[in-house]
Amino acid sequence: MTTKKTKEIPEEEIKLQPEESTTDVDQASSENNPNEPVQTLPGGVTTIVIPYAKDLAQGIELRMALRSIAKHIRTQVNVVIIGDREPWMADDSLILTVIEHERSSDNPQIDVIEKLKMAIASPMVSDRFIWSNDDIYFVSPVTLADIEVLKAKETLNPSLFGGIYAANMQRTVDLLKNANLPIRNFATHTPVMYNKEMLVELFERFPELATGGYLLSSVYFNYHYPNHVAQELNWPTDNWQVPVVKKEPNRVMFDAIIATKKWLNNAESGYSDFLRDTLLKLFPDASPFEGE
């Protein structure tokens, strides 16, 4: 098959494009659609998967998240968006793949499970892949080792939350307690590393994950790493991430804090002109994930 060449990036910048693939097309796929050969992911590439619902976006979060990845990731990656396509996205399946998917539920955690299943099934997603979000921004150089570090917060405590999220957390606590597993909170709003085989094992062990809302990262890491001492996150003192929850943070304090962090993320309450302008200042240049 003939693959399309990707846009070249200067050597001094981090390489995002994989080498051109010479892998034969999948037999079953070519029989179903012989005029459209299927590209497969070359070796040595780690996929970043981002679920995305256009109607839930507040602004330019995803575009800035992709620019931040292009600027600061320190390994060879491709990106797979599962959800909606934006008109500005690059039409280049070797570096950016969009798997279109309509939200399956108003419960965000149920929808996450459905998108994870699509990631597991996709040949464009590496066996070990990074799961991130459209409102997580890389604000300093990040390696795979940074992402692989298990990070947790306090134990799961549904009483601190409300609505669907509290119900999903309570359901997660009940599942973990019934399985005699820890109830550590791994929902840290930082990128995490998943393994396809380990996800399949998890779904087989807990089939209820497919039908109810659960906090998947907390089930995954408590199940597979029950005795692992995780890095406890505390944003005022650690060097991992800082959440933006206010529309107008103190500029001097804000700039000083993000200078010490790996990631910046925002709550819905924290998206504002302040954050938008900050992101455009941090990431003014278009990324290879954007079209011409």
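Owing to the predicted nature of the structure, the values given are computational and were not obtained by experimental measurement.

Quick look at the sheet that holds strand β2 (residues 77-83)
Two strands in a sheet stick together by hydrogen bonds in their backbones, pointing the same way (parallel) or opposite ways (antiparallel). As summarised here, the arrangement of the 5 strands in space is β3-β2-β1-β4-β7, forming an open sheet in which the pairing is mixed. Each of the sheet's edge strands pairs with one partner strand only, and the pair in question is β3 (96-100) and β7 (192-195). Recorded for the sheet is a direction-independent mean angle of 30° between the axes of neighbouring strands. The sheet contact formed by strand β1 (residues 46-52) and β2 spans 7 bridges and is parallel. Note on β2: the bridge partner recorded for Thr47 is Asn78. Strand contacts of helix α3 (residues 108-121): β1, β2, β3, β4 (128-131) and β7, with the helix running at about 150° to β4, the strand carrying the most contacts.

So, the nonpolar core
Of all hydrophobic cores here, the largest spans 39 residues; its most connected members are Phe129, Tyr194, Leu199, Phe206, Leu209 and Leu216. Counting residues per element, the ones that place at least two in this core are β2, α3, β4, α5 (163-178), β7, α6 (196-205) and α7 (216-224). The dominant element in this core, judged by the number of residues it contributes, is α7, at 5 residues. Not counting chain neighbours up to four residues away, the residues in contact with Phe129 comprise Thr46, Thr47, Val49, Leu116, Ala119, Val192, Met193, Tyr194, Lys196 and Leu199. Within the second largest apolar cluster, 27 residues are counted, among which are Val77, Val79, Trp88 and Leu96.

Description of α3
The terminal C-alpha atoms of α3, which comprises 14 residues, lie 20 Å apart, in line with the 20 Å expected from a rise of 1.5 Å per residue. Within α3 the residues assigned to the buried category are Gln109, Ile110, Asp111, Ile113, Lys115, Leu116, Ala119 and Ile120. At the N-terminal boundary of α3, the capping side chain belongs to Asn107, with an oxygen 3.1 Å from the backbone nitrogen of Gln109.

Notes on the pattern of salt bridges
A complete count under the given rule lists 10 salt bridges for this structure. Here Arg103 ties to Asp55 by a salt bridge, and the two come within 2.5 Å at their closest N and O atoms. With Arg103 in the loop between β3 and α3 and Asp55 in the loop between β1 and α2 (61-72), this residue pair connects regions lying 48 residues apart in the sequence. Exposure remark for Arg103: the relative accessible area of 36% places this residue in the partly exposed category. The class of Asp55 is exposed, set by a relative accessible area of 52%. One continuous salt-bridge network, built from bridges that share partners, spans Arg63, Arg67 and Glu290.

Some words on the environment of Phe289
Positionally, Phe289 belongs in the segment after α9 (273-282). Looking at Phe289, the relative accessible area reads 0%, which means it is buried. A C-alpha to C-alpha distance of 8.2 Å links Phe289 and Val79, two positions 210 residues apart in sequence.

Here we look at the side chain of Gln241
Looking at where Gln241 falls in the secondary structure, it is placed in strand β9 (residues 241-244). Only 2.8 Å separates the side chain of Gln241 from the side chain of Asn265, close enough to count as a polar contact.

What to know about the confidence of the model for the chain
The pLDDT averaged across the chain works out to 87; a share of 86% of its residues lies at or above 70. When the criterion is pLDDT under 50, residues 1-37 qualifies, and its contacts beyond four places in sequence or with other chains add up to 56 contacts.

Remarks on the environment of Lys262
When you line up the elements, Lys262 lands in the loop between α8 (251-258) and β10 (263-266). Discounting chain neighbours no more than four positions away, the residues touching Lys262 are Tyr137, Phe138, Val139, Ser140, Pro141, Val142, Asp146, Asn239 and Trp240. One polar contact links Lys262 to Asp146, side chain to side chain, over a distance of 3.2 Å.

Brief notes about the packing of aromatic side chains
Applying the stated criterion across every chain, the model contains 11 aromatic pairs. Taking the centre distance of 6.2 Å and the plane angle of 15° together, the rings of Trp240 and Trp263 count as stacked. Pair noted here: Trp240 is in the loop between β8 (231-232) and β9 and Trp263 is in strand β10, with a separation of 23 residues, a long-range link. Each member of the pair, Trp240 together with Trp263, is buried. Between the aromatic rings of Phe254 and Phe274, the centroid separation amounts to 5.2 Å while the plane-to-plane angle is 80°, which identifies the pairing as edge-to-face. Taken together, the residues span a long stretch of sequence, with Phe254 in helix α8 and Phe274 in helix α9 at a distance of 20 residues. An identical accessibility class is assigned to Phe254 and Phe274; each is buried.

The rules behind the values
- Residues numbered from 1 in each chain as written.
- Predicted model: local features only at pLDDT ≥ 70, side-chain atom pairs only at ≥ 80, totals over all residues.
- Heavy atoms only, no water.
- Pairing = 2+ DSSP bridges.
- Helix = DSSP H or I, 4+ residues; strand = E, 2+ residues; numbered from the N terminus.
- Axes fitted to C-alpha atoms, helices over the stretch in contact; angles between N-to-C directions.
- Contact = heavy atoms within 4.5 Å.
- Core = buried A, V, L, I, M, F, W, Y, C linked by side-chain atoms within 4.5 Å.
- Buried < 20%, exposed > 50% of the residue type's maximum accessible area, 1.4 Å probe, protein only.
- Expected span 1.5 Å × (residues − 1).
- Polar contact = N/O pair within 3.5 Å; in protein donor to acceptor, adjacent residues only side chain to side chain.
- Salt bridge = Lys/Arg side-chain N within 4 Å of Asp/Glu carboxyl O.
- pLDDT = per-residue confidence, 0-100.
- Phe/Tyr/Trp six-rings, centres within 6.5 Å; stacked < 30°, edge-to-face > 60°.

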